[in-house]
Amino acid sequence: MKKKIGVIFSLLLLWGSVSAQENHVVLISVDGLRPEFYMNPEWAMVNVRQGMKTGSYAEGVRGSFPTVTYPSHTTMVSGVLPAKHGIYYNTPVEPLGISGKWFWYYKDIKVPTIWTAAKDAGLTTAGVSWPVTVGAPIDYNLPEFVILPKGKGEKKDEIKAMYQESNPKELFNEVQDYAIGKFGEFGATIDYATNDQNKARMAAYILKRYKPSFLAVHIALTDHFEHEQGRDGDKVRSAVQGADVAIKTIMDAAEAAGINKNTTFIITGDHGFVNIHTQFRPNVMLAKLGLYDDANKENWKAYFQQSGGSAFLHLRDPKDKSTLEKIKKGLVELPTGIQNMFHVLDKEAVKKAQGDPTAAMALAANQGFSFGASAKGDMLAAVSGGTHGYLPTDFKEIQTGFVAFGKGIKAGAVLSLMGQEDIAPLIAKLLNLKLETDGILYPGILAPVKK
Ligand SMILES: [Zn+2]
């Protein structure tokens, strides 16, 4: 009898130690997060700053090229840059006309990710509004997706999209029932500030109920208002504070779920922001050179894919040297004032920046300037507010941030700069996953292992 009790007791001990090792990582991406939002108390990220005191942070994160949302989020969960993971832009290259489609589908990612590594390890995962996860191997997933209008007068539909792509199917109904209330004329909404708050509540519910090992959440209101107002403005400030509240909602859920002690929080973003006043439209230049005809698009020979602060040249025939030479000549014949708005990256430089390997060259704008897609009208146009997409190594303003705290993170380590590809190896380490990346795991931010 004594022996039996002893066996049961040691089994309980074993069970206790195994469950204590069950780590959780919550990755929260605040779209358009800049380091000063948490480093400068004026921005009022009170809760993130509390986490910062108990954990480690970076003064800047060098992003992916182009510094736009979908390539960047894919870098965070794969640990490799766009040239390898295959999400080169937010949207496909469409010289025949922009359809409004984005790279929503997970199948477009060419490499293993934290999602697949977690699945291989038998861990449970969850995602809320995480880019490029439609059809992803995620156990509880409400991906970012939009149903585009089919006819005139129709509007894009994000609610119907969530019903359609919710995995499992009933999950979207479940979060409405338990976390945010039913969508509808008088019900829940994802308009305005409630967008971030409702996504946080959905994530909090999933964390509490299903206790996934890995939860990734993307909230985008800060980015929305930085586009509208630029780097500073009342709406930007309100959105940053709202993002902080959203993060706290998820932190509280970890506590309510009783997994707080085993949970690591990683707060990061996809890119910084730059104020803009003038847009250059390189496709107007191509039209002038006779290489792009807006009225007969099917006759295109060359096309610039704009990504806000950068533009990537695509040739219909990638071997068409004479077209490329015409464009190079066209660029150096532009008025000096226009030439001073950006710098040119040849194919080799794009390769070095690990951007789209299929692009023939790229333009990277200086601060104040952005690129437009239009092939009609003037080469220059007035713009306002802010944008991103710039070469990540050009200036500090385009860097995003990183704060990590909780299980496994040392207090007080400050990295002056890290790479976006360094986030996935940290997650892999914390969850004991096998994932090959190009990132660095900084041992200096890990808490010493207790023996
Ligand atoms: Zn973004």
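Preceding block: the structure.
Small disclaimer: the values here were computed from a predicted structure and weren't measured.

Q: What should I look at first to understand the layout of surface pockets in this one?
A: Regions of empty space are outlined by a rolling probe, equal in size to a water molecule, passed over the atoms. Roughly 1400 Å³ of volume is contained in the largest pocket. Contributing elements (two or more residues each) for the lining of the largest pocket: helix 4 (69-78), helix 7 (158-165), helix 9 (194-210), helix 10 (221-229) and strand 8 (302-306). Take the lining of the largest pocket: its biggest share by element is 5 residues, from helix 10. Partitioned by chemical class, the residues of the lining of the largest pocket number 22 nonpolar, 17 polar and 11 charged.

Q: Mind showing me how you'd approach the pairing of strand 11 (residues 361-365) here?
A: The side chains of a regular strand alternate, residue by residue, between the two faces of the sheet. In terms of residue burial, strand 11 counts as a mostly covered element, since 5 of its 5 residues are buried. Burial along strand 11 is two-sided: the residues Met361, Leu363 and Ala365 and Ala362 and Ala364 are all buried. Bridging between strand 9 (residues 310-315) and strand 11 involves 4 bridges; their strand directions are antiparallel. Bridge pairing in strand 11 links Leu313 to Met361. In the sheet, strand 10 (residues 342-346) pairs with strand 11 via 5 bridges, with the strands oriented antiparallel. When the bridges of strand 11 are listed, His343 appears paired with Ala364.

Q: Explain the coordination of the zinc ion to me, please; I cannot follow it from the model alone.
A: Reference values for coordination geometry: four tetrahedral donors around a metal ideally subtend 109.5 degrees, six octahedral donors ideally subtend 90 or 180 degrees. At the metal site, the zinc ion is ligated by Asp31 (OD), Thr69 (OG1), Asp270 (OD) and His271 (NE2), and these contacts range over 1.9 to 2.1 Å. For the zinc ion, the 4 donor atoms in the first shell make angles of 94 to 135 degrees at the metal, a pattern classed as tetrahedral. Every donor residue of the zinc ion comes from the same chain, spaced as D-x37-T-x200-D-H. Linking Thr69 in helix 4 with His271 in the loop between strand 6 (263-268) and strand 7 (274-280), this pair joins segments that are 202 residues apart in sequence. By the burial criterion, Thr69 is buried, and His271 matches it.

Q: So what exactly am I meant to see when it comes to the nonpolar core here?
A: Buried together is how nonpolar side chains tend to be arranged in soluble globular proteins. In this structure, Leu27, Phe214, Ile266, Phe402 and Ile427 are the most contacted members of the largest nonpolar core, which totals 55 residues. Those elements giving two or more residues to this core turn out to be strand 1 (24-30), strand 2 (56-62), helix 4, helix 6 (114-120), strand 5 (214-219), strand 11, strand 15 (400-406) and helix 16 (423-431). When residues in this core are grouped by element, the largest group, 7 residues, is from helix 16. Ignoring anything within four residues of it in the chain, the contact list for Phe214 reads Val25, Leu27, Val77, Ile114, Trp115, Thr124, Thr125, Ala126, Ile427 and Leu431. Among the nonpolar cores identified, the runner-up in size contains 51 residues, and Val175, Met202, Leu215 and Phe405 belong to it.

What counts as what
Residues numbered from 1 in each chain as written. Predicted model: local features only at pLDDT ≥ 70, side-chain atom pairs only at ≥ 80, totals over all residues. Heavy atoms only, no water. 1 Å grid on protein atoms, 1.4 Å probe; cavity = no way out; pocket = protein on both sides within 12 Å on 5 of 7 lines; lining within 4 Å. Points joined across faces, edges and corners; volume = space filled by probe spheres on them. Helix = DSSP H or I, 4+ residues; strand = E, 2+ residues; numbered from the N terminus. Nonpolar A, V, L, I, M, F, W, Y, C, P; charged D, E, K, R; others polar. Buried < 20%, exposed > 50% of the residue type's maximum accessible area, 1.4 Å probe, protein only. Pairing = 2+ DSSP bridges. Donors = N, O, S within 2.8 Å, 3.2 Å for Na, K, Ca; no water. Tetrahedral: all angles 85-135°; square planar, octahedral: opposite > 155°, others 65-115°. Core = buried A, V, L, I, M, F, W, Y, C linked by side-chain atoms within 4.5 Å. Contact = heavy atoms within 4.5 Å.

Without other data, these values stay purely geometric and don't point to any function.
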